[in-house]
Amino acid sequence: MKIVMLGAPGAGKGTQAKMIAAGYGLPHVSTGDIFRANVKGGTPLGMEAKAYMDKGKLVPDELTVRILLDRVAQDDCKNGYVLDGFPRTIPQAEVLDAELSKMGEKIDFAIDVEVPDENIIRRMSGRRACVNCGATYHIVHIPPKKEGICDACGSELILRDDDKEETVKNRLEIYHKQTQPLIDFYNNKGVLKEVDGTKDSAAVFEDIKKILG
Ligand code: AMP
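Here we summarise the structure given alongside this text.

### A closer look at the site of the ligand
Near the ligand lie 15 residues; those nearest to it are Thr31, Lys57, Gly85, Gln92 and Arg171. Between the ligand and threonine 31 there is a distance of 2.7 Å, counted from a nitrogen atom to a side-chain nitrogen or oxygen. Here an oxygen atom of the ligand sits 2.6 Å away from a polar atom, N or O, in the main chain of lysine 57. With 4 residues, the top contributor of residues to the shell around the ligand is helix H2 (residues 31-41).

Here it is in structure tokens:
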């Protein structure tokens, strides 16, 4: 089963992607995580991506597509995957679609996690990410056991640059311009499913399970 997660940054699609991955035994493929790992490792890819990420801009399609296709060609993706944060533009979706068609495959579900912008701005300011392992929390909705400390590895939690208010507004603007057309793209393919992302994460996951079966 191949799943694409859609929704604005901060809509909770990453949380749902991880829940789907765990519940259905599929790898969770996040281009944002791949970029962040490269930034942290100081690789040439990371250095190139960082300049865009810090400003809340999208990394160019050519680079992003290359990274994604490499990742889904790996063995653990043979039986499917959950894509989180990819595709973000129509050209990215078209390349993925063309690559899958070559193998007689397709995206089975595009799940759009719907949340109004005002809720997102409020939510994002409460997000915290681990400086070491990248695990994410929310001071209200998913608090760590000990304030400011990662449950998974014990490192410090911070408000990521790309979760700050100005950056969030910038990302929402980009989302509406470049990513929302993907909703029509997958709707035209008959695989779009919408869920109400304003509910708590367990309730959203219940709705998703009804869709995936
Ligand atoms: P995310 O964690 O998915 O919100 O991604 C963090 C940042 O990585 C984004 O703001 C972009 O700068 C970059 N990024 C992640 N995925 C993509 C993508 N599919 N296309 C372009 N840029 C991306």
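Following the structure, the description resumes.
### Describing the state of the cysteines
Applying the stated criterion across every chain, the model contains 0 disulfides. Of all cysteine sulfurs in the structure, the one in cysteine 153 sits closest to cysteine 130, which takes part in no disulfide; the separation is 3.5 Å. A relative accessible area of 6% places cysteine 130 in the buried class.

### As for the sheet that holds strand E4 (residues 109-114)
Across the sheet, 5 strands lie side by side as E2-E3-E1-E4-E8; this open sheet has parallel pairing. What marks the edges here is a single partner per strand, and that holds for strand E2 (28-30) and strand E8 (192-196). Strand after strand, the sheet turns through a mean of 25° between neighbouring axes, direction not considered. Note that strand E1 (residues 2-6) and E4 share 4 bridges and pair parallel.

### Some points on the nonpolar core
Grouped together as the largest cluster of nonpolar side chains are 52 residues, with contacts concentrated most on Met5, Ile20, Leu83, Leu96, Ile111 and Tyr186. A per-element tally of this core places helix H4 (residues 61-72) first, with 5 residues. If sequence neighbours within four positions are ignored, leucine 96 has contacts with Leu68, Tyr81, Leu83, Phe86, Pro87, Ile107 and Tyr186.

### A word on the sheet that holds strand E5 (residues 127-130)
As summarised here, the arrangement of the 3 strands in space is E6-E5-E7, forming an open sheet in which the pairing is antiparallel. Every interior strand has two partners, whereas the edge strands, strand E6 (136-138) and strand E7 (157-158), have only one. Where E5 lies against E6, 3 bridges are found, and the strand directions are antiparallel. In the sheet register, arginine 127 faces E6, and the bridge partner there is histidine 138.

### What to know about the packing of aromatic side chains
Under the criterion given, the structure shown has 1 aromatic pair. Relative to tyrosine 186, the ring of phenylalanine 185 lies with its centre 5.0 Å away and its plane at 80°, an arrangement referred to as edge-to-face. Of the two residues, phenylalanine 185 and tyrosine 186, neither departs from the other in class, the shared state being buried. Its end group placed over the ring of phenylalanine 185, lysine 189 keeps NZ or CZ at 5.0 Å from the ring centre.

### Quick look at helix H8 (residues 181-188)
Three or more residues of H8 are buried, namely Leu182, Ile183, Phe185 and Tyr186. Across the axial projection of H8, the buried residues extend over an arc of 160°, all falling on one side. The elements touched by buried residues of H8 are E1, helix H5 (90-102), E4, helix H7 (165-179) and E8. Backbone geometry just after H8 places glycine 190 at a positive phi near 75°.

### What to know about H2
Regarding H2, the residues found buried are Thr31, Gly32, Ile34, Phe35 and Asn38. All buried residues of H2 lie within an arc of 165° about the axis, which places them on one face of the element. Residues Ala37, Lys40 and Gly41 are exposed on H2 and point more than 90 degrees away from its buried face. In this fold, the buried residues of H2 make contact with E2, helix H3 (44-54), H4 and strand E3 (81-84). With its phi angle positive at about 65°, glycine 42 sits one or two positions after the end of H2.

### Quick word on the environment of methionine 5
Its place among the elements puts methionine 5 in strand E1. Taking C-alpha positions, methionine 5 is 7.2 Å from valine 82, a pair spaced 77 residues apart along the chain. Sequence-distant contacts of methionine 5, defined by excluding residues within four places in its chain, comprise Lys13, Gln16, Ala17, Ile20, Val82, Leu83, Asp84, Gly85, Ile111, Val113 and Ile208.

About the criteria used
Residues numbered from 1 in each chain as written. Predicted model: local features only at pLDDT ≥ 70, side-chain atom pairs only at ≥ 80, totals over all residues. Heavy atoms only, no water. Near = heavy atom within 4 Å. Polar contact = N/O pair within 3.5 Å; in protein donor to acceptor, adjacent residues only side chain to side chain. Helix = DSSP H or I, 4+ residues; strand = E, 2+ residues; numbered from the N terminus. Disulfide = S-S within 2.5 Å. Buried < 20%, exposed > 50% of the residue type's maximum accessible area, 1.4 Å probe, protein only. Pairing = 2+ DSSP bridges. Axes fitted to C-alpha atoms, helices over the stretch in contact; angles between N-to-C directions. Core = buried A, V, L, I, M, F, W, Y, C linked by side-chain atoms within 4.5 Å. Contact = heavy atoms within 4.5 Å. Phe/Tyr/Trp six-rings, centres within 6.5 Å; stacked < 30°, edge-to-face > 60°. Lys NZ or Arg CZ within 6 Å of the ring centre and 35° of its normal. Arc of directions from axis to C-beta.

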